[in-house]
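Report on the structure
Each chain is listed here by its residues.
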Amino acid sequence: MDSKVTPGGNAVFTIGDKTVEMPILKGSTGPDVVDIRKLYAEADVFTYDPGFTSTASCESQITYIDGDAGVLLYRGYPIDQLAENSSFLEVCYLLLHGELPTATQFAEFERTITYHTMLHEQFDRFFQTFRRDAHPMAIMVGAVGALSAFYHDSTNIHDERQRQISAHRMIAKMPTIAARAFKYAVGQPFVYPRNELGYADNFLRMCFAVPAEDYKVNKVLARAMDRIFILHADHEQNASTSTVRLAGSSGANPFACIAAGIACLWGPSHGGANEEALNMLKEIGTVDRIPEYVQGVKDRRYRLMGFGHRVYKNYDPRAKVMQKTCHEVLDVLGKRDEPLLQVAMELERIALSDPYFVERKLYPNIDFYSGITLSAMGFPSEMFTVLFALARTVGWIAQWKEMIEDPSQKIGRPRQVYTGPTIREFVPIEKR
Ligand code: CMC
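The present account deals with the structure reproduced in this document. These numbers were taken from a predicted model, which means no experiment stands behind them. (Residues numbered from 1 in each chain as written. Predicted model: local features only at pLDDT ≥ 70, side-chain atom pairs only at ≥ 80, totals over all residues. Heavy atoms only, no water.)

1. Some thoughts on the pairing of strand β2 (residues 10-15)
Regular strands place side chains that alternate from one sheet face to the opposite one. As a reminder, the rule being used: Following DSSP output, two strands are said to pair if at least two bridges run between them. Segments assigned H or I by DSSP are reported as helices when at least four residues long, segments assigned E as strands when at least two residues long, and all are numbered from the N terminus.
Alignment of β2 against strand β3 (residues 18-25), held across six bridges, turns out to be antiparallel. In the sheet register, I15 faces β3, and the bridge partner there is K18. The antiparallel hairpin formed by β2 and β3 contains two residues in its connecting segment, where G16 sits at a positive phi of about 60°.

2. What about the environment of V287?
Quick note on the threshold: By definition in these notes, contact holds between two residues if any of their heavy atoms fall within 4.5 Å.
Along the chain, V287 falls in the loop between α12 (273-284) and α13 (290-298). Separated by 99 residues in the primary sequence, V287 and Q188 place their C-alpha atoms 37 Å from one another. When neighbours within four sequence positions are excluded, V287 is seen to be in contact with Q342, V343 and E346.

3. What to know about the environment of N274
Let me state the cut-off plainly: Type-normalised accessible area, obtained with a 1.4 Å probe on protein chains alone, sets the label of each residue: buried when under 20%, exposed when over 50%, and partly exposed for intermediate values.
Turning to its location among the elements, N274 is positioned in helix α12. Residue classification places N274 among the buried residues on the basis of a relative accessible area of 1%. Note: C-alpha distance between N274 and G308 (34 residues apart in sequence) is 13 Å. The contacts of N274, once residues within four sequence positions are left out, are D367, S370, G371, F384, T385 and F388.

4. Observations concerning helix α10 (residues 239-248)
Note the cut-off: By arc we mean the arc of the directions from the helix axis to the C-beta atoms, nothing more.
For α10, every residue scored as buried is listed here: S240, T241, V244, R245 and G248. The arc enclosing the buried residues of α10, seen along the axis, measures out at 140°, which places them on a common side. Residues of α10 that are buried make contact with α11 (254-265) and α18 (384-404).

5. A word on the pattern of salt bridges
Just so we agree on the cut-off: Salt bridges are identified by distance alone: a Lys or Arg side-chain nitrogen within 4 Å of an Asp or Glu carboxyl oxygen.
Going through the model one piece at a time under the given rule, you end up with 21 salt bridges. With a shortest N-O distance of 2.9 Å, K26 and D32 are connected by a salt bridge. Given a relative accessible area of 43%, D32 falls into the partly exposed group. Among the ionic pairs, R223 bridges to D226, the shortest N-O distance being 3.4 Å. Residue R223 and its partner D226 are both found in helix α9 (residues 219-232); the two are separated by three residues, about one turn of the helix. Taking relative accessible area as the criterion, R223 reaches 26% and is therefore assigned partly exposed.

Here is the structure:
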């Protein structure tokens with residue numbers, strides 16, 4: 001099979017005696033895309049792309065990544081500008097609506113989110129059914145799926161108002177659910193949200209206040225938490241977002257779709273990597289053990305967690321902001337000499353100059369510094385992916401909403417290269 005791009009902007013595929021002309025689609029930026037939709041109908045062949053490394057599954061206007069240049073844009077705005085100047089709720093509005101809000105729009109949005117943070121009281125009893133040692137991500141998958149049972153009045157995906165209400169409910173309630181997953185694991189009573197607090201402040205208080213002592217929110221830590229949420233808010237068509245879109249393509253309700261996204265995020269190659277990255281730093285322990293550990297990576301006994309990315313073949317722009325945030329948090333907590341930070345910085349220095357990593361374009365990703373930061377803030381490593389899920393919820397919802405509102409949307413249904421047995425006669429059990 002040979003392929004070429006014609007000057008008229010079509011790609012021509014010749015397969016045996018069949019020739020198919022396919023349009024080349026241009027996005028607002030990024031590589032051109034060959035529209036292969038009529039390939040099967042006209043040439044009787046599928047394309048093969050495990051892991052979807054060369055396949056665009058949808059058209060989207062939400063997030064753009066240039067992996068070679070290390071660029072991440074939400075609705076056109078660079079991630080570092082948003083992390084520096086914006087707030088998570090403002091970013092939520094931007095992702096959902098396409099534009100930054102005016103002051104009036106923001107005040108209304110903030111009020112709506114604030115007033116949806118409580119959970120139905122019955123929902124709190126639902127948590128009690130989990131084992132006391134349940135991983136908080138297991139609780140998240142179950143609890144978010146269960147939202148569809150508690151908030152059934154916002155599950156009609158064809159009703160625009162219900163779509164909006166379910167979006168607001170999830171963004172508002174996710175911190176409350178995440179904090180409850182944490183409290184349940186540590187055996188402390190649930191703390192209710194407080195409306196006078198900001199989104200991140202409220203979350204930190206729900207995690208760390210106890211009836212015997214309230215939690216006074218440290219402004220630097222709240223700002224760091226908010227920034228971590230911004231950095232994780234969306235990342236175009238990654239595994240969990242594609243899962244949400246695929247689940248949603250069948251018409252499933254939004255709560256069920258987001259629960260599916262959380263399940264996918266849990267994996268160590270995706271959202272679970274921050275937990276693994278911190279475990280790795282702890283395992284290395286001291287700077288002098290780094291060369292031995294790096295040798296193990298080169299011998300392919302294990303991977304360097306928090307390094308490498310399917311799309312970024314340059315420094316992950318989120319990792320840069322995360323590194324700065326990590327230093328700010330450790331400073332304010334008086335943990336500047338934290339041994340794990342020393343290990344992380346030295347490991348990064350070695351990896352960025354070692355040919356093994358340089359040749360493979362393996363740079364630190366967002367998870368490399370987030371584990372140290374979250375751990376210093378008081379979160380156990382089991383909570384790291386939960387925080388990722390909390391922040392990514394808005395991205396999943398924005399992507400889900402975009403898909404539902406796209407008139408060309410179809411149920412997702414990949415094809416396969418079948419390599420199993422061809423047709424054969426059934427043999428009764430006594431003759432086998
Ligand atoms: N440590 C050592 N070698 C690696 C690593 C790593 N972390 N990542 C990739 N490689 C090597 C891999 O062995 C291969 O080498 P070779 O060509 O010699 O066989 C080459 O780099 C390409 O690897 P790949 O598996 O084809 O790359 P991928 O794009 O499929 O994998 C990845 C992307 C994120 C799964 C992978 O880099 C990885 O496992 N990283 C560690 C886990 C991690 O930190 N994940 C968080 C990703 S960022 C958060 C998020 O967005 O979810």
